[in-house]
Amino acid sequence: MKIVDDSPPVLTALDRPNSYIGRSVPRPNLTRLTQGRGQYVSDVVLPRMAHVAFVRSPHAHARIVKIDKAAAEKAPGVIAVVTGTELAEVMTPWVGVLTHLKGLKSAPQHAIAVERACWQGEAVCAVVARTRAQAEDACELVDMTYEELPAVTDAETALDPKTPVIQPSLGDNLCFERKLDVGAVDKAFADSDAVVEATFVTGRHTGVTNEPRSIVADWNQGEARLTVYQGTQAPHMMQDLFAKHLCLQHQQVRVVTKDVGGSFGIKVHTYADEMAAVALSKLLKRPVKFVADRLESFVTDIHARDHRIKAKIGVKTDGTITAFEIDDLTGIGPYSVYPRTSGIEANQVVSLVGGPYTCPNYRAQARVVFTNKNVMCQYRAVGHPIAVAVTEGLVELAAAKIGMDPLELRRRNMIADDGYPTQSAAGLKLEKLSHHEAMAHLDAMMNYAGLRAEQARLRKQGIYRGIGFASFIEVTNPSAAFYGVGGARITSQDGATVKLDAQGNISIHTGVSEQGQGAEAVVAQCVASAFGVPLDRVRVVMGDTDNTPYGGGTWASRAAGIGGEAAWQAGKALRENVLSVAGAMLQAKPGDLDISNGVVIDKATGAERLGLDELTRVVYFRPDTLPAGVQPELVVTKHYVPKGWPFAFTNGIQASWLEVDVDTGFVKLLKHWCVEDCGTIINPQLVDEQIRGGIVQGIGAALYEQCLYDERGQMLNGSMADYLVPMAAEMPDIECAHVVSPTADSELGAKGAGEAGTAGAPASVMNAINDALRPLGAAPLTDMPFTPGKILRALGKV
């Protein structure tokens, strides 16, 4: 992919001497990782460490009649064979609900199934051995007797009276339902000149991280303390959950997260097999390691996006959008995932549909139902790609219906750039967005008029190319309104502890975690700029609950906007402390001094006055020479949590230019553009990397990725041989550009950017395919992924 650097200038409000804000600096961990010196959970080896493998249910729904462990217990290297009932004596079950999602319900889930297995792949027995191979071999010797039960695999019939109830204690298969009715929807549709209806289907898929889920748990009986090495996005959250369900205190649990090979939301949840590994360590009083293999990942890593949405839009001939209406149905598996729940995705869809537009009339219903498939939960850009596909798909279908250019229809309906603050029809509070400026930038960047002319010329030659757009809003920097208000012990704050050592170097301990997205670089840039040292004199410590302030970690595009702000504030506070000491040493007013490039300078002239190495020499080794009453504090901790707005919404617009081979149904991606507004940009290269990576994942959803199940609940393509993911050779050049609307909720003004690409890419590809095929009279394609077979069926060729 071509790298296009379209970075905005550094904002003057943040302009400090030698500031790194707005600069594309390299990642601090780049050299180590490219040399193969990363430290992943798989690299952790401890004395007496055992390995666990799991016997997994071959059935989507079955009663566990008998478990005969005798042969497995005698196998070479086996330490223990443990059932769900036995492990339940060590670890309590959990229930994934949030009180602010009214009516959300779920059954208790155990680390290993007790009595029933509720999806193919659920762990039913654990084998602990000296090596992973020995544990896997012994799993084959566990004699399981099942009574197969009817499986619920179709969300459409999950609520029918004749359909078996998966969790009898709940009464039915309805997990959660939300209804919303705003404005005068029926009247708006009646007054419309055209009403367009469509059913959108988004395929169930999963994250396919480079590094699978992995964990090493080490219970130290002598200290009565648990250390967990885990590839997780939220170390402090997991510390709380391990402590809660093992009946321990927080101070008895340490979670260490070193390098993580990608997450995308996959590694921010509670997984039964990981909880089992932790419980087994406590039970056996020794370290226990579990690393999921790729086959396990496909049937146990959370899935997402399995939605069917019936939707319609009303429009006037002048392009005015009069109303939106949706009916969303999603099947989530047999449990709501803990602690973030499986109701959030559908809830987000309801909240986000119609987001960029002024239309006041909106009706929505979302139903979340239990099925006997793998569990579903939050995955990158939770709900956004679904809501954007529905909204933008309807907008382009409406534009075609009334014969209006799709960009023009958007111009006539988008919230005006000077119309903020405002509120969406669904009640989302929007601080400051830039839809019109972003669209104007995109129009010029892609040479829209020129592409339309080229499209018309090529159509005469039998070449069918399409242009598709997708405008979007994105939730970032979530406050306690996301989880805390619902009773989940998931913090929305982040903290930073900044220390100045005896050589004048800075170390920052932060609650955010590095997942490969560049958080380490961003945090270093913030503290280096706020304090005034070169970047190579900053060391970042993250991912260790014993050594970092309490923080939320990395999810929902929050690391830069929340963690970066905490680092900025801590750096500022430490600078003030240092300048107070420097003023005493130099007999100068602290306000007349500053720090630049690791040296105390005269603020007015820039003249160097005192090196930090000399200042720290005096503070640490000759404090007796300081004036009376001067007590230096060279360690500062600051926390930041958004309070002014529930979320810092961002916005953007994407465009796809592609060609459809009408004989084979294959789609060739030619070019992709994204103009995005994430507020103050701290590191332009990292932001663009995040957007490009998100677009690639979104393209995967549009064209390739889908977890396929049969009617018995058996996953049909649970391997990399059968599950398609986007490859580099298939991807187009992706150009990124930016508009900057900083949030006033923080000094940095930074919002998030991690999910913008994923939010808009599927819709823009969908709309481009339909635009390409429109002259041929093909039925609109709204069922993702858009495979060659579906395209040929739309053309009536198969």
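Heads up: these notes are all about the structure in this document.

In this section: the overall build of the chain. Helix and strand content of the chain: 19 helices and 30 strands. Scaling as 2.2 N^0.38, a compact globule of 798 residues should have a C-alpha radius of gyration of about 28 Å, and the chain matches this with 28 Å. Projected onto its principal axes, the C-alpha coordinates of the chain cover approximately 85 × 75 × 45 Å. Looking at the chain residue by residue over its 798 residues, the buried ones come to 64%. Taking the contacts inside the chain whose residues are at least 6 apart along the sequence as the reference set, 80% of them involve residues at least 24 apart. Of the roughly 28600 Å² that the chain leaves accessible, carbon and sulfur atoms contribute 50%. Computed over 77 positive and 89 negative side-chain charges, the inter-centroid distance for the chain is 2 Å.

Before going further, it helps to examine the packing of helix α10 (residues 384-402) against helix α18 (residues 756-773). One way to put it is that α10 packs onto α18 with a least axis distance of 8 Å and a crossing angle of 35°. For the pair α10 and α18, the crossing hand works out as right-handed. For the pair formed by α10 and α18, the contact residues are H384, P385, V388, A389, E392, G393 and E396 on the first element and T758, A759, G760, P762, A763, M766 and N767 on the second.

Enumeration over the complete set of coordinates arrives at nine cavities of 30 Å³ or more. Taken together, 19 residues make up the lining of the largest cavity; nearest its centre are Q109, W119, Y271, A272 and T300. In terms of residue class, the lining of the largest cavity is made up of twelve nonpolar, four polar and three charged.

Let us now look at the layout of surface pockets. Size it by volume and the second largest pocket reaches roughly 550 Å³. In terms of lining, the second largest pocket is formed by 20 residues, of which the most central are R32, E520, V540, V541 and M542. Among the elements of the structure, α14 (519-531) and β23 (538-542) are those that each provide at least two residues to the lining of the second largest pocket. The element contributing the most residues to the lining of the second largest pocket is β23, with five residues. Looking at the lining of the second largest pocket residue by residue, the classes come out as eight nonpolar, three polar and nine charged.

Our focus in this paragraph is the sheet that holds strand β30 (residues 733-738). Pairing in this open sheet of four strands is mixed, and the strands run β20-β28-β29-β30 from one edge to the other. The open sheet has two free edges, formed respectively by β20 (464-474) and β30, since each of these has just one partner strand. With strand direction ignored, the average angle separating the axes of adjacent strands in the sheet is 15°. With respect to the sheet, helix α11 (residues 406-413) is in contact with β20 and β28 (650-660), its orientation differing from that of β20 by roughly 20°. The strands touched by helix α13 (residues 448-459) within the sheet are β20, β28 and β29 (667-677), with β20 carrying the most contacts at an inclination of about 145°.

Below, the discussion takes up the packing of helix α9 (residues 344-352) against α10. Here α9 crosses α10 at 35°, and the two axes come no closer than 8 Å. Two packed elements cross with a definite hand, and for α9 against α10 that hand is right-handed. Where α9 approaches α10, its residues E345, Q348, V349 and L352 are matched on the opposing element by H384, I386, A387 and T391. By residue class, the composition of the contact of α9 with α10 is four nonpolar, three polar and one charged.

Looking now at the pairing of strand β5 (residues 123-129). Counting buried positions over the seven residues of β5 gives seven, a clear majority of the element. The pairing of strand β1 (residues 50-56) with β5 spans six bridges and is classified as antiparallel. If you follow V55 over to β5, its bridge partner there is C125.

Those residues of helix α16 (residues 612-621) lying buried are L612, L615, T616, V618 and V619. Seen end-on, α16 carries its buried residues on one side only, within an arc spanning 160°. Tucked into the core, α16 has its buried residues touching β21 (494-500), α14, α15 (559-586), β24 (593-596), β25 (599-602) and β26 (608-611).

The next thing to look at is unusual backbone geometry. It is generally the case that most residues other than glycine have a negative phi and that most peptide bonds are trans. Y338 connects to P339 through a cis peptide bond whose omega is -5°. Relative to the helices and strands, P339 is located in the loop between β16 (321-331) and α9. For the bond from M784 to P785, the omega torsion is -5°, close enough to zero to count as cis. With respect to the helices and strands, the residue P785 is situated in the loop between α18 and α19 (788-794). For F264, which is not a glycine, the phi torsion comes out positive at approximately 60°. Judged by its relative accessible area of 31%, F264 falls in the partly exposed class. Positive phi values are uncommon outside glycine, yet N447 reaches one of about 55°. Residue placement: N447 occurs in the loop between α12 (435-446) and α13. A residue is classified by how much of its surface remains accessible, and N447, at 48% relative accessible area, is partly exposed.

Conventions adopted
- Residues numbered from 1 in each chain as written.
- Predicted model: local features only at pLDDT ≥ 70, side-chain atom pairs only at ≥ 80, totals over all residues.
- Heavy atoms only, no water.
- Helix = DSSP H or I, 4+ residues; strand = E, 2+ residues; numbered from the N terminus.
- Rg over C-alpha atoms; globule rule 2.2 N^0.38 Å.
- Buried < 20%, exposed > 50% of the residue type's maximum accessible area, 1.4 Å probe, protein only.
- Contact = heavy atoms within 4.5 Å.
- Areas by Shrake-Rupley, 256 points an atom, 1.4 Å probe, with all protein chains shown as cover.
- Lys, Arg positive; Asp, Glu negative; His and termini not counted.
- Charge placed at Lys NZ, Arg CZ, Asp CG, Glu CD.
- Axes fitted to C-alpha atoms, helices over the stretch in contact; angles between N-to-C directions.
- Left-handed = near helix turned anticlockwise from the far one by under 90°.
- 1 Å grid on protein atoms, 1.4 Å probe; cavity = no way out; pocket = protein on both sides within 12 Å on 5 of 7 lines; lining within 4 Å.
- Points joined across faces, edges and corners; volume = space filled by probe spheres on them.
- Nonpolar A, V, L, I, M, F, W, Y, C, P; charged D, E, K, R; others polar.
- Pairing = 2+ DSSP bridges.
- Arc of directions from axis to C-beta.

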